[in-house]
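Next come the chains, spelled out residue by residue.
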Amino acid sequence: MQTLVLYSTWGCHLCEQAEQLLHDAGQPFQLVDIVDDEQAFACYRLAIPVLKKGDNELYWPFDAAQLATWLKDVQ
């Protein structure tokens, strides 16, 4: 089973909103601070927050309905 990852960084209010949507959905996820990961920083520094599961990515902006649809599609 692939882990859902939220690429984020400290102090990012959009990232906090994405994290809250995941919590509200009861969705477990791994939080990766792009500052601590060179590859993630290179890929996502201008795009966070980004959700990733396997090869599937969901870029901000997204709402609860879009998140639910995306999660269903990547299960």
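Residues numbered from 1 in each chain as written. Predicted model: local features only at pLDDT ≥ 70, side-chain atom pairs only at ≥ 80, totals over all residues. Heavy atoms only, no water.

> Even after reading the chapter, I still don't get the overall build of the chain, so can you show me in this structure?
Summing up its helical and strand segments, the chain has 3 helices and 4 strands in all. Scaling as 2.2 N^0.38, a compact globule of 75 residues should have a C-alpha radius of gyration of about 11 Å, and the chain matches this with 11 Å. Counting only C-alpha atoms and orienting by the principal axes, one finds that the chain spans roughly 30 × 25 × 20 Å. Within the span of the chain, comprising 75 residues, buried residues form 36% of the whole. (Helix = DSSP H or I, 4+ residues; strand = E, 2+ residues; numbered from the N terminus. Rg over C-alpha atoms; globule rule 2.2 N^0.38 Å. Buried < 20%, exposed > 50% of the residue type's maximum accessible area, 1.4 Å probe, protein only.)

> So what exactly am I meant to see when it comes to the nonpolar core here?
Nonpolar side chains tend to gather and get buried jointly when the protein is soluble and globular. Judged by nonpolar contacts, the single largest core of 13 residues is most densely connected at Leu4, Leu22, Leu51, Leu58, Phe62, Leu67 and Trp70. Elements with a contribution of two residues or more to this core: helix H1 (13–24) and helix H3 (64–74). Excluding anything up to four places from it in sequence, Phe62 contacts Ala18, Leu21, Leu51 and Leu67. Formed by 10 residues, the second largest nonpolar core is a distinct cluster that contains Cys12, Cys15, Ala40 and Ile48. (Core = buried A, V, L, I, M, F, W, Y, C linked by side-chain atoms within 4.5 Å. Contact = heavy atoms within 4.5 Å.)

> Would you mind going over the packing of aromatic side chains with me for this structure?
Where two aromatic rings form a pair, the distance of their centres and the angle of their planes describe that pair. In this structure the tally under the stated criterion is 3 aromatic pairs. With centroids separated by 6.4 Å and ring planes inclined at 55 degrees, the aromatic side chains of Tyr44 and Tyr59 adopt a geometry described as tilted. A residue pair is termed long-range when its members are at least 10 positions apart, and Tyr44 in helix H2 (residues 38–44) and Tyr59 in strand E4 (residues 56–59) qualify at 15 residues. (Phe/Tyr/Trp six-rings, centres within 6.5 Å; stacked < 30°, edge-to-face > 60°.)

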